[in-house]
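# Overview (structure and organization)
Chain by chain, the residues:
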Amino acid sequence: MLKLYYSPGACAMASHIALEEAGAEYEPIRIDLRKGEQKTPEYLAINPAGVTPALVTPEGVLTENLVIMGFVAQTHPEANLADLDSPFAFGKMQSFNGFLSSSLHPALGPVLFSHPPLEGEAKQAQVDKALTKLDLIEHHLLKGPWAMGEQYTVADGYLSVFTRWARLAHLLDKDRFPKLNAHFNVVQSRPAVQRVLHIEGLHPV
C-alpha cells in the first residue's frame, strides 16, 4: 500500500487530493511541522530533505508534489486526472504545475509562513510579488473551467492549495481574481477535497 507523509494545510495537500481523487489505496501519515517531526531521524530516512510530501511506493520513495501527482495520474488512469493520451498535453499540465511549484509557492509562502513574520516594506514587497503571480494565473494560465480546460486534472487540486493560502491571507480579492475565486470554490466543494480536509483536520475557507 502507498503511504503519504503530509503536513496539514501545507503544499502536500496537493498530493493528498490527487490520491483521494484517484480512489487510491493509501495510508496518510501526518507530519507535524510545528513540532519538528520532519527533522526526526525516522523521517529523514524517508526524505533526507526534511519536507513533505513524501510518497512511499513498492518501488521506493517519491518526493515533490509535481512528481507525486504525475505518478498518481499515470498509475490510476481510470480516474482521468491527466490527459495521458497526449505527451504534449501532459507536458502542458506539468508546466502549469511547475509554475505553481517554482514561482507561486515561493512568492506566496513567505507571506503566511515566515518566521518571524514579515512586516512593513518587506511584507508589502512579498505580497506584491505573490499578487503578480496570481494575476498571471488569473489572466493567462487558468483556462477555465478547470486549470487545463474542460478536464479536471491534478493541477486543479494543486492550484487550490495556493488559492486557499491566498484567501486565508486575504489576498484573493473577488473583484481582482474572479476566475481564481470561482475555481477555488468549485474545487474545495469536491467530495475528494472534502475528505482531505476532514483527514487533515481543516475546514473550507
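Our structure is the block above this text.
Residues numbered from 1 in each chain as written. Predicted model: local features only at pLDDT ≥ 70, side-chain atom pairs only at ≥ 80, totals over all residues. Heavy atoms only, no water.

## Focus on the packing of helix α1 (residues 13-22) against helix α8 (residues 191-200)
Where α1 contacts α8, the two axes come as close as 9 Å, and the packing angle between them is 125°. As the angle between them shows, α1 and α8 are arranged oblique. Both α1 and α8 take part in a crossing whose hand is right-handed. Taken together, the residues of α8 that come into contact with α1 (itself represented by M13, H16, I17, E20 and E21) are A192, V193, R195, V196, L197, I199 and E200. Tallied by class, the residues present in the contact of α1 with α8 amount to 7 nonpolar, 1 polar and 4 charged. (Axes fitted to C-alpha atoms, helices over the stretch in contact; angles between N-to-C directions. Helix = DSSP H or I, 4+ residues; strand = E, 2+ residues; numbered from the N terminus. Parallel < 35°, antiparallel > 145°, perpendicular 65-115°, else oblique. Left-handed = near helix turned anticlockwise from the far one by under 90°. Contact = heavy atoms within 4.5 Å. Nonpolar A, V, L, I, M, F, W, Y, C, P; charged D, E, K, R; others polar.)

## Points about the environment of H140
Mapped onto the secondary structure, H140 falls in helix α5 (residues 120-141). A residue is classified by how much of its surface remains accessible, and H140, at 60% relative accessible area, is exposed. Sequence separation between H140 and S7 is 133 residues; the distance between their C-alpha atoms is 30 Å. (Buried < 20%, exposed > 50% of the residue type's maximum accessible area, 1.4 Å probe, protein only.)

## Digging into the pairing of strand β3 (residues 54-57)
Here 3 bridges tie strand β1 (residues 2-6) to β3, and the two strands are oriented antiparallel to one another. Residue pairing in the sheet places Y5 in a bridge with A54 of β3. Here 4 bridges tie β3 to strand β4 (residues 60-63), and the two strands are oriented antiparallel to one another. Across the sheet, residue L55 finds its bridge partner in β4, namely L62. Taking the residues between adjacent antiparallel strands as the criterion, β3 and β4 are bridged by 2 residues. (Pairing = 2+ DSSP bridges.)

## Examining the layout of surface pockets
Here the largest pocket is characterised by a volume of approximately 940 Å³. Of all the secondary-structure elements, those providing two or more residues to the lining of the largest pocket are α3 (65-75), α4 (87-113) and α6 (154-168). (1 Å grid on protein atoms, 1.4 Å probe; cavity = no way out; pocket = protein on both sides within 12 Å on 5 of 7 lines; lining within 4 Å. Points joined across faces, edges and corners; volume = space filled by probe spheres on them.)

## Describing the packing of aromatic side chains
Considering all chains together, one arrives at 5 aromatic pairs under this definition. Centre to centre, the rings of Y5 and Y43 are 5.6 Å apart; their planes meet at 55°, and the pair counts as tilted. Residue Y5 is found in strand β1, and its partner Y43 is found in helix α2 (residues 41-44); the two are separated by 38 residues along the sequence. Residues Y5 and Y43 agree in their burial class; the two are buried. Arranged with centres 5.2 Å apart and planes meeting at 85°, the rings of W146 and Y152 form a pair that is edge-to-face. (Phe/Tyr/Trp six-rings, centres within 6.5 Å; stacked < 30°, edge-to-face > 60°.)

## Notes on the pairing of strand β2 (residues 26-30)
With 5 bridges connecting them, β1 and β2 associate as parallel partners. Bridging from a neighbouring strand, L4 pairs with P28 of β2. Between the parallel elements β1 and β2, the chain passes through α1 in a crossover that is right-handed. (Right-handed = clockwise from strand over helix to strand, strands pointing away.)

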